[in-house]
Amino acid sequence: QVQLVESGGGLVQPGGSLRLSCVASGSIFSINVMGWYRQAPGKERDLVATITSGGSTNYADAVKGRFTISRDNAKNTVYLQMNSLKPEDTAVYYCNADVQLTLHAYNYWGQGTQVTVSS
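Parameters and conventions
Residues numbered from 1 in each chain as written. Predicted model: local features only at pLDDT ≥ 70, side-chain atom pairs only at ≥ 80, totals over all residues. Heavy atoms only, no water. Pairing = 2+ DSSP bridges. Helix = DSSP H or I, 4+ residues; strand = E, 2+ residues; numbered from the N terminus. Axes fitted to C-alpha atoms, helices over the stretch in contact; angles between N-to-C directions. Phe/Tyr/Trp six-rings, centres within 6.5 Å; stacked < 30°, edge-to-face > 60°. Buried < 20%, exposed > 50% of the residue type's maximum accessible area, 1.4 Å probe, protein only. Lys NZ or Arg CZ within 6 Å of the ring centre and 35° of its normal. Core = buried A, V, L, I, M, F, W, Y, C linked by side-chain atoms within 4.5 Å. Contact = heavy atoms within 4.5 Å.

### Regarding the sheet that holds strand E8 (residues 77-82)
Hydrogen bonds between backbone atoms are what pair the strands of a sheet, whose relative direction is either parallel or antiparallel.
Okay, so step 1: With antiparallel pairing, the four strands of this open sheet are ordered in space as E1-E3-E8-E7. Each end of this open sheet is capped by a strand with a single partner; those strands are strand E1 (2-7) and strand E7 (67-72). Within the sheet, the average angular offset between the axes of one strand and its neighbour, ignoring direction, is 15°.
Okay, so step 2: As judged from the six bridges shared by E1 and strand E3 (residues 18-26), these two strands associate in the antiparallel manner. Bridge pairing links glutamine 3 to serine 25 in E3.

This is the structure:
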């Protein structure tokens, strides 16, 4: 069993910053791609950013230049540094990971953390 636990969400004013963390735990052999997605009320869940085990990153156009994804492979942890936050960044942010167990890889989701950008 693998669990992803996010933390770091909250209420922030426009222009402010937040740092999200997601820790994966369980019977993990290795983790391939880790990423962050977000879902605003009434909308679909969208990609925010992903990072491979080798450090290659991919960002949604809406967050390029403002958000930075990083990871600590030794700690099975992925981070999302969010700067210059805008009200339209308000959403539930979900961690996602492709986890290699023994013979197979599975995709897991965290429970989500709320980010609200408002004055």
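There is more to say, and it comes next.
### Thoughts on the packing of aromatic side chains
Okay, so step 1: For the structure shown, the criterion picks out two aromatic pairs.
Okay, so step 2: The interplanar angle of 70° and the centroid separation of 5.1 Å between the aromatic rings of tyrosine 37 and tryptophan 109 together place this pair among those described as edge-to-face. Placement of tyrosine 37 in strand E4 (residues 30-39) and of tryptophan 109 in strand E10 (residues 105-109) is noted, with a sequence separation of 72 residues between them.
Okay, so step 3: For tyrosine 37, a relative accessible area of 21% gives the class partly exposed.
Okay, so step 4: Among the residues examined, tryptophan 109 registers a relative accessible area of 38% and is labelled partly exposed.
Okay, so step 5: Pairing tyrosine 94 with tryptophan 109 gives two aromatic rings, centres 6.5 Å apart and planes at 85°, and the pair type is edge-to-face. Here tyrosine 94 is found in strand E9 (residues 91-100), whereas its partner tryptophan 109 is found in strand E10, with 15 residues between them in sequence.
Okay, so step 6: The cationic tip of arginine 19 hangs over the ring face of tyrosine 79; the distance from NZ or CZ to the ring centre is 4.1 Å.
Okay, so step 7: Its guanidinium or amino end placed over the ring of tyrosine 94, arginine 45 lies 3.6 Å from that ring's centre, counting from NZ or CZ.

### Examining the nonpolar core
Okay, so step 1: Grouped together as the largest cluster of nonpolar side chains are 32 residues, with contacts concentrated most on Trp36, Leu80, Met82 and Tyr93.
Okay, so step 2: Of all the elements in the fold, those that place two or more residues in this core are E1, E3, E4, strand E5 (45-51), E7, E8, E9 and strand E11 (113-117).
Okay, so step 3: Per element, the largest residue contribution to this core is five residues, and it comes from E9.
Okay, so step 4: Those residues in contact with tyrosine 93, other than ones at most four positions away along the chain, are Glu6, Leu20, Trp36, Tyr37, Arg38, Val48, Phe67, Leu80, Met82, Gly112, Thr113 and Val115.

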